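Close look at the chain arrangement
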Amino acid sequence: MKENSENVTTKAKPKLSTHIRYVVLALIFVNIIINYMDRTNVSIAMPEMAKDIGLSTVQQGLIFSAFSWIYAAMQIPGGILLDKLGSRITYTISLFFWSLITVFQSMVGNFAQLLGLRLGIGFFEAPVMPANNRAVSYWFPDDERGTAIGIYSSAQFLGLAFSTPILFAIHKSIGWQGLFIVTGVIGIIWSIVWFVIYHDPQKSRWIGADELEYIQAGGAITEEEYIKEKNQQPKAKLTWTNIRQLFNRRLIGIYIGQFAISGTFWFFLTWFPTYLTEAKHINFLQSGMLSSVPYLSAFAGVILAGYVSDKLLKGKHSESFARKLPVITGLLLTLLIMGANFTTNPVLIIMFMSIAFFGNGLATITWVFVTALAPKELIGLAGGMFNFCGALSSIVVPIVIGFLVANGNFSSALVFIAFIALLGALSYIFIVGKIDLPKTDENS
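Residues numbered from 1 in each chain as written. Predicted model: local features only at pLDDT ≥ 70, side-chain atom pairs only at ≥ 80, totals over all residues. Heavy atoms only, no water.

As recorded in an unreviewed UniProt entry, the protein goes by the name MFS transporter, listed as coming from Levilactobacillus tujiorum. Per UniProt, the protein carries the Subcellular location (unreviewed entry) text "Cell membrane". (UniProt positions renumbered as here; feature names shortened; annotations may be inferred.)

1. Quick notes on the packing of helix H4 (residues 75–104) against helix H6 (residues 128–139)
For the pair H4 and H6, interaxial distance at closest approach is 8 Å and the crossing angle is 100°. It follows that H4 is roughly perpendicular to H6 by the angle criterion. Contacts from Gln75, Leu82, Gly86, Ser87, Tyr91 and Trp98 of H4 reach H6 at Val128, Pro130, Ala131, Asn132, Arg134 and Ala135. Partitioning the contact of H4 with H6 into residue classes produces seven nonpolar, four polar and one charged. (Axes fitted to C-alpha atoms, helices over the stretch in contact; angles between N-to-C directions. Helix = DSSP H or I, 4+ residues; strand = E, 2+ residues; numbered from the N terminus. Parallel < 35°, antiparallel > 145°, perpendicular 65-115°, else oblique. Contact = heavy atoms within 4.5 Å. Nonpolar A, V, L, I, M, F, W, Y, C, P; charged D, E, K, R; others polar.)

2. Side note on the confidence of the model for the protein
Predicted confidence across the protein gives a mean pLDDT of 87, with 91% of residues reaching 70 or more. Mean pLDDT across the secondary structure elements of the protein bottoms out at helix H1 (residues 2–12), with 43, and peaks at helix H19 (residues 411–432), with 97. With pLDDT under 50 throughout, residues 1–13 is counted as low confidence; its partners more than four residues away or in other chains account for seven contacts. Across residues 439–444 the pLDDT falls below 50, and counting only partners more than four positions away or on other chains, this stretch makes three contacts in the model. (pLDDT = per-residue confidence, 0-100.)

3. Describing the pattern of salt bridges
With the rule as written, the count across this model stands at six salt bridges. When the shortest N-O distance is used, the salt bridge between Arg39 and Glu125 registers 2.9 Å. Of this pair, Arg39 sits in helix H2 (residues 20–53) while Glu125 sits in helix H5 (residues 111–125); the two residues are 86 residues apart in sequence, bridging distant segments of the chain. Glu125 carries the same exposure label as Arg39, and that label is buried. Ionic contacts of the salt-bridge type, sharing partners, join the residues Arg21, Glu144 and Glu211 into one network. (Salt bridge = Lys/Arg side-chain N within 4 Å of Asp/Glu carboxyl O. Buried < 20%, exposed > 50% of the residue type's maximum accessible area, 1.4 Å probe, protein only.)

4. Remarks on helix H3 (residues 57–73)
Between its first and last C-alpha, H3 extends 25 Å over 17 residues, near the 24 Å set by a 1.5 Å rise per residue. Remark: the principal bend of H3, roughly 35°, maps to Ser65. Burial in H3 covers these residues: Gln60, Gly61, Ile63, Phe64, Ser65, Ala66, Phe67, Ser68 and Tyr71. (Expected span 1.5 Å × (residues − 1). Bend = angle between axes of the 7 residues up to and from the residue.)

5. Digging into the packing of helix H14 (residues 292–314) against helix H16 (residues 346–362)
Two measures define how a pair of helices packs: the angle their axes make with one another and the distance between the axes. Remark: H14 packs on H16, axes separated minimally by 7 Å, with the N-to-C direction vectors making an angle of 30°. By the angle between their axes, H14 is roughly parallel relative to H16. In the packing of H14 onto H16, the handedness of the crossing is right-handed. When H14 is examined against H16, the residues Val293, Pro294, Tyr295, Ser297, Ala298, Ala300, Gly301, Val302, Leu304 and Ala305 are found in contact with a partner set consisting of Ile350, Met353, Ser354, Phe357, Phe358, Gly361 and Leu362. A per-class count over the contact of H14 with H16 returns 13 nonpolar, four polar and no charged. (Left-handed = near helix turned anticlockwise from the far one by under 90°.)

6. A few points about empty space enclosed by the protein
Scanning the entire structure with this criterion turns up two cavities of 30 Å³ or more. By volume, the largest cavity amounts to about 60 Å³. As for the largest cavity, its lining consists of Arg39, Val42, Ile63, Phe64, Phe67, Arg118, Trp266, Leu269 and Thr270. The set of elements that each furnish at least two residues to the lining of the largest cavity consists of H2, H3 and helix H11 (249–270). Computed from the structure, the second largest cavity encloses a volume of approximately 40 Å³. Thr40, Ser43, Ile44, Thr164, Phe168, Pro273, Ser291 and Tyr295 are the residues that line the second largest cavity. Considering every element that reaches the lining of the second largest cavity, the biggest residue donor is H2, with three residues. Looking at the lining of the second largest cavity, its residues break down into four nonpolar, four polar and no charged. (1 Å grid on protein atoms, 1.4 Å probe; cavity = no way out; pocket = protein on both sides within 12 Å on 5 of 7 lines; lining within 4 Å. Points joined across faces, edges and corners; volume = space filled by probe spheres on them.)

7. A short note on the nonpolar core
Grouped together as the largest cluster of nonpolar side chains are 94 residues, with contacts concentrated most on Met49, Trp139, Phe267, Tyr275, Ile337, Met353 and Ile401. Ranked by the residues each element gives to this core, the list is headed by H2, at 16 residues. Discounting chain neighbours no more than four positions away, the residues touching Phe267 are Phe272, Tyr275, Ile337, Met353, Ile401, Leu414 and Ile417. Core analysis: the next-biggest nonpolar cluster, separate from the first, contains 26 residues, Phe386, Ala425, Tyr428 and Ile435 among them. (Core = buried A, V, L, I, M, F, W, Y, C linked by side-chain atoms within 4.5 Å.)

8. Observations regarding unusual backbone geometry
Unusually for a residue other than glycine, His281 sits at a positive phi of about 55°. Of note, His281 is situated in the loop between helix H12 (272–279) and helix H13 (284–290).

9. Here we look at the environment of Leu85
Among the secondary structure elements, Leu85 is positioned in helix H4. Here Leu85 falls in the partly exposed class, since its relative accessible area comes to 36%. Aside from chain neighbours lying at most four places away, what touches Leu85 is Thr90 and Ile93.

10. Some remarks on the packing of aromatic side chains
For any pair of aromatic rings, geometry is given as the distance between the ring centres together with the angle between the planes. This model, assessed by the stated rule, comprises 25 aromatic pairs. Centroid distance Tyr275 to Phe410: 5.4 Å. Interplanar angle 65°. Geometry classified as edge-to-face. Taken together, the residues span a long stretch of sequence, with Tyr275 in helix H12 and Phe410 in the loop between helix H18 (379–404) and H19 at a distance of 135 residues. Take Tyr275 and Phe410: they sit in the same class, and that class is buried. Across from the ring centre of Tyr36, 4.4 Å away, lies the NZ or CZ of Arg39, which sits over that ring. The ring centre of Tyr71 lies 4.9 Å from the NZ or CZ of Arg39, which sits over that ring. (Phe/Tyr/Trp six-rings, centres within 6.5 Å; stacked < 30°, edge-to-face > 60°. Lys NZ or Arg CZ within 6 Å of the ring centre and 35° of its normal.)

Following this line, the structure appears as structure tokens:
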């Protein structure tokens, strides 16, 4: 480990003639902002759109959920496409077509048309996150990759925080049809920008030879290594023995926890604008400004979670305690979302929502438990099941809320979000229990 540390220090010193990897990171950051903008624009448009085309709250819940149906189903096919075409072509195709479908949403006249288009957006957005990871793996050495992933992961919260007021303002100015047209055209234009600028390092015309040597010497993956690694990965078989291992008590515990964490996130991604305008009767433009605060709070939670967890780890606390404390604390903080049921004051409503979403961000460091608890030969399958539970929540929660608010009262919806958060906290406390996370040199 000492030798590795010395190598990292040596590689970090050279002054390079180019820093194109940071440009690539900026491109990915913008990709994610556009990605989440086109996931959430329907939630901003929904209150007016529902009135114009006649959508019940149950139908609205189905619309909010539809994206995730096909998005989850296309993860494996999307990964196969990414392996064949690479990040540049895959992202260009995905971004162009989901943006084009976003424009088409401005023309819908009924529930069936809108449902079909939301399914289409989910279909074309499926390869996005694997494509981000692949690009970062190609462009960043090992000792910079964690920071790069953290930066682009924060884009979903920062992007939503800063773009949401703008999207509300666009809607207010030119209506929900105009909102879909503007956001769709932005994505179409950006797909061209991505295609022109992005290339893998060995094919980039802008990267200096010294930067290319620096990132590859530091562990950035090349095309040849990527293919070799894919071919060498052990293929876990779905035998009854393996299935039983995937559903041992502790793994079931983190599956439940992931369902709970994802549930809160998808409430804010779908029903939150409708809640502010329809249930709390907050001015539309004021809703746009206020709704950015919980997203910033979630971003703070994500950043703080890693910092606090690492700080505890460096102290005398066990790894189990250091990793679980932010998760359990965050899930318990989410219970305060129910406080909004007892006030009509916009400031207090946003305060309770911000605390809840801060807690949600605090609870997001859960992937470490997959590695710790799954059998080594089944980590891929366990990770897929873990991710599936999050996707399942994104399907179930918007639909359930649609039924709960059919009478126009959101109180039961907030109780439902708090209930599943409590279920997640209890799962980590009692089902997952105390665990020993392995310490490895490569992660130290």
